[in-house]
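# Reading the structure
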Amino acid sequence: MNFLYQIAPNLEPLGGELLKCIRQTFQMLMVSGLIAFFLGVLLGVLLTVTKSDGIMRNPILYKFLDKIIDVIRSIPFIILMVLLIPLSRALVGTGSGVTGSYVALIAGTVPFFARQIESVLADVDYGLVEASEAMGFSPTEIIFSVYLKESIPGITRVTMITFVSLIGITAMAGAIGFCYPIRLPDGLPRYDLGNGHYHTGYYQCNTVYRKRDYQTDDTLTAVRVQLILSGTPFEI
């Protein structure tokens, strides 16, 4: 960590809290990524085998999965996280924190990964599928022995693409409070309000008026400064 502190000395006061956040970030990535991998492969296979020319034709199931995936993918991830908070509370008991992020991360990753898997499986030579059917292979054997086995390089490629995308949405989840909050280091100004209690605080500046003088090309700005006080350690 000394090398990191030399590059970014402002991180040093965070100490153990920074390490805790890094550990929780990896936890969010590994747990949600592992679950999303299996669910994405499952949905991708179902989309492939239930289409009109698939080995397990089921137009109703295919259209249902196809529409659901399209709808979820069309929702921006930040909005999706908020919409899934009640579902997260029902499934894992909380809508915030590391545990509460799993549902949103999985829901944001699986539809994208399922489409990637469907695209990879569609590239498999259909002659191999027909030959397997002629040899008496069951649909399950065709899925594992033909579709998945022949698509290992493609599945590996799209898995890495999806993992990079998952890192991005994990950062979004942490930005809105799913991840552990980092407490600001000690040393914030303390203010005595005259009641015997000291409060930490900070100043917040808001622009309330702005006017440009076109003759001198100057901009006049009026700023309102507010002192934000807190009786507890200030957190972001």
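So, here's what we can say about the structure. A quick note: this is a predicted structure, and the numbers were derived from the prediction, not measured.

### Things to note about the side chain of Thr48
Residue placement: Thr48 occurs in helix H2 (residues 16–49). A distance of 2.9 Å separates the side chain of Thr48 from the backbone oxygen of Gly44, its partner in a polar contact. Residues within four places of Thr48 in sequence aside, it is in contact with Gly54, Glu118, Leu121 and Tyr147.

### What to know about the pattern of salt bridges
One pass over the structure, following the stated rule, counts 4 salt bridges. One salt bridge in this structure joins Glu118 and Lys51, with 3.9 Å as the shortest N-O distance. Of this pair, Glu118 sits in helix H6 (residues 97–122) while Lys51 sits in the loop between H2 and helix H3 (59–74), and the two are 67 residues apart along the sequence. The partner of Arg115 in a salt bridge is Glu118, and the shortest N-O contact between them spans 2.8 Å. With Arg115 and Glu118 both in helix H6 and 3 residues apart, the pair spans about one turn of that helix. Take Arg115 and Glu118: they sit in the same class, and that class is buried. One continuous salt-bridge network, built from bridges that share partners, spans Lys51, Asp66, Asp70, Arg115 and Glu118.

### Section: the nonpolar core
Formed by 17 residues in total, the largest nonpolar core has its most connected members in Val45, Ile55, Ile117, Tyr147 and Leu148. Sorting elements by how many residues they give to this core places helix H8 (residues 139–150) first, with 5 residues. In contact with Leu148, not counting residues within four places along its chain, are Val41, Val45, Leu121, Ile143 and Ile155. Membership of the second largest hydrophobic core comes to 14 residues, among which are Met81, Val98, Ala104 and Ile169.

### Let's talk about the packing of H2 against H6
Interaxial distance between H2 and H6 falls to 6 Å at its minimum, and their mutual angle equals 40 degrees. Crossing angle aside, the handedness with which H2 passes H6 is right-handed. Taken together, the residues of the contact of H2 with H6 break down into 19 nonpolar, 8 polar and 2 charged.

### Brief notes about a negative patch on the surface
Side chains of Asp125, Glu130, Glu133 and Glu150 sit close together on the surface and give a patch of like negative charge. Mapped onto the elements, Glu130 comes out in helix H7 (residues 126–134).

### Here we look at the packing of aromatic side chains
A full pass over the atoms with the stated rule returns 2 aromatic pairs. Taking 5.4 Å as the distance between ring centres and 80 degrees as the angle between the ring planes, the aromatic pair formed by Phe37 and Phe38 counts as edge-to-face. Taking the relative accessible area as the measure of exposure, Phe38 reaches 53% and is therefore exposed. Relative to Phe113, the ring of Phe37 has its centre 5.7 Å away and its plane inclined at 35 degrees; by these criteria the two rings are tilted.

### What to know about the environment of Phe137
Tracing the sequence through the fold places Phe137 in the loop between H7 and H8. The exposure class of Phe137 is partly exposed, given its relative accessible area of 30%. Those residues in contact with Phe137, other than ones at most four positions away along the chain, are Ser132, Ile142 and Ser145.

### Things to note about the environment of Val31
Structurally, Val31 can be placed in helix H2. Once the C-alpha coordinates of Val31 and Ile106 are considered, the two residues, 75 residues apart in sequence, prove to be 9.2 Å apart.

Criteria and cut-off values
- Residues numbered from 1 in each chain as written.
- Predicted model: local features only at pLDDT ≥ 70, side-chain atom pairs only at ≥ 80, totals over all residues.
- Heavy atoms only, no water.
- Helix = DSSP H or I, 4+ residues; strand = E, 2+ residues; numbered from the N terminus.
- Polar contact = N/O pair within 3.5 Å; in protein donor to acceptor, adjacent residues only side chain to side chain.
- Contact = heavy atoms within 4.5 Å.
- Salt bridge = Lys/Arg side-chain N within 4 Å of Asp/Glu carboxyl O.
- Buried < 20%, exposed > 50% of the residue type's maximum accessible area, 1.4 Å probe, protein only.
- Core = buried A, V, L, I, M, F, W, Y, C linked by side-chain atoms within 4.5 Å.
- Axes fitted to C-alpha atoms, helices over the stretch in contact; angles between N-to-C directions.
- Left-handed = near helix turned anticlockwise from the far one by under 90°.
- Nonpolar A, V, L, I, M, F, W, Y, C, P; charged D, E, K, R; others polar.
- Patch = residues over 30% accessible without salt bridge, like charges linked within 9 Å, V, L, I, M, F, W, Y side chains within 5 Å.
- Areas by Shrake-Rupley, 256 points an atom, 1.4 Å probe, with all protein chains shown as cover.
- Lys, Arg positive; Asp, Glu negative; His and termini not counted.
- Charge placed at Lys NZ, Arg CZ, Asp CG, Glu CD.
- Phe/Tyr/Trp six-rings, centres within 6.5 Å; stacked < 30°, edge-to-face > 60°.

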